[in-house]
Each structure stands twice: as structure tokens, then as C-alpha cells.
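# Report on the structure
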Amino acid sequence: MTDTEQRALVGISLMAAFADGSNADAERNRIRELLESFQNPSLNALELCREVLLRRARLSDLARQLTTSEARLLAYEMALGVCDADGHANDAA
């Protein structure tokens, strides 16, 4: 998986975490696990989080960076895992 795809995957996961308007530790931990699994020092999670929170990153742009069906499926599963991490899925998430 390329750096661009990893960045997109983390960005989409962050958007999923923030979708319900709450910040649960379980969701943060799930994203932290995702970041650690990449072992990519060039992935600037803080900057990406800032872009997501300030709405500078767009879901459609991030999704376009996922070039394979496997990467898109992984993004979906990671976002779903983040939403379910706190055990409180709702219509906003």
C-alpha cells in the first residue's frame, strides 16, 4: 500500500470517528492501532487530523486516492471498525 493510500485510509477512518460528534477513547485507540500497523514515519497523523477537523480534507478526494478495490474495502472495514469501537453506533456515525 502506498503512502498516499495509507494517508487516505487514515483520513477516512478519522472522518468516521468524528461523524457522530463525540470523541471516544476506543475510537482513538482503533485509529492509533491503524497508524502503528503501517509503521510509516512519513505519515503525519497530526497534520491529517487537523485537515479533517478543519474540513480541508474531503471524503471524495481521499476515496479517489484508493486505487484498488482491496484498498477501498479496507477503508470501509477500518471506518466501520472505528465507528463500532466505542459500542455506540448511531445514525450519525
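Residues numbered from 1 in each chain as written. Predicted model: local features only at pLDDT ≥ 70, side-chain atom pairs only at ≥ 80, totals over all residues. Heavy atoms only, no water.

Its place among the elements puts D61 in helix α4 (residues 59-64). It is 23 Å that separates the C-alpha atoms of D61 and E27, two residues lying 34 residues apart in sequence. (Helix = DSSP H or I, 4+ residues; strand = E, 2+ residues; numbered from the N terminus.)

Structurally, the position occupied by Q6 is in helix α1 (residues 3-18). Those residues in contact with Q6, other than ones at most four positions away along the chain, are M1, F38, N40 and L43. (Contact = heavy atoms within 4.5 Å.)

Turning to α1, a few remarks are in order. With 16 residues, α1 should reach 22 Å at 1.5 Å per residue; the first-to-last C-alpha distance of 23 Å fits that figure. Burial of α1 is extensive: twelve of the 16 residues sit out of reach of the surface. Every buried residue of α1 is accounted for by E5, Q6, A8, L9, V10, G11, I12, S13, L14, M15, A16 and A17. Against α2 (25-38), α3 (45-53), α4 and α5 (69-85) lie the buried residues of α1. (Expected span 1.5 Å × (residues − 1). Buried < 20%, exposed > 50% of the residue type's maximum accessible area, 1.4 Å probe, protein only.)

The interhelical angle for the contact between α1 and α2, taken along N-to-C directions, is 175 degrees, at an axis separation of 10 Å. Classed by the angle they form, the pair α1 and α2 counts as roughly antiparallel. Here Q6, L9, V10, S13, L14 and A17 of α1 lie close against α2, whose contacting residues are E27, I31, L34, L35 and F38. Split into classes, the residues belonging to the contact of α1 with α2 amount to eight nonpolar, two polar and one charged. (Axes fitted to C-alpha atoms, helices over the stretch in contact; angles between N-to-C directions. Parallel < 35°, antiparallel > 145°, perpendicular 65-115°, else oblique. Nonpolar A, V, L, I, M, F, W, Y, C, P; charged D, E, K, R; others polar.)

Another aspect to go through is the nonpolar core. In this structure, V10, I12, L14, F38, L62 and L66 are the most contacted members of the largest nonpolar core, which totals 22 residues. Where this core is concerned, the elements lending two or more residues are α1, α2, α3 and α5. The element best represented in this core is α1, accounting for eight residues. When neighbours within four sequence positions are excluded, L62 is seen to be in contact with R7, A8, G11, I12, M15 and A57. (Core = buried A, V, L, I, M, F, W, Y, C linked by side-chain atoms within 4.5 Å.)

Note: predicted coordinates in regions of low pLDDT should not be interpreted at a detailed level. Taken over all residues, the pLDDT of the protein chain has a mean of 89, while the share at 70 or more is 94%. Mean pLDDT across the elements of the protein chain ranges from a minimum in α2, with 90, to a maximum in α4, with 96. (pLDDT = per-residue confidence, 0-100.)

Our next topic: a nonpolar patch on the surface. Taken together, the side chains of L73, Y76 and L80 make up a nonpolar region of the molecular surface, amounting to roughly 300 Å² of accessible area. Among the structural elements, L73 can be located in helix α5. (Patch = residues over 30% accessible without salt bridge, like charges linked within 9 Å, V, L, I, M, F, W, Y side chains within 5 Å. Areas by Shrake-Rupley, 256 points an atom, 1.4 Å probe, with all protein chains shown as cover. Salt bridge = Lys/Arg side-chain N within 4 Å of Asp/Glu carboxyl O.)

This next bit is on unusual backbone geometry. One non-glycine residue with positive phi stands out, namely Q39, at about 50 degrees. One non-glycine residue with positive phi stands out, namely R55, at about 60 degrees. By the secondary structure assignment, R55 is in the loop between α3 and α4.

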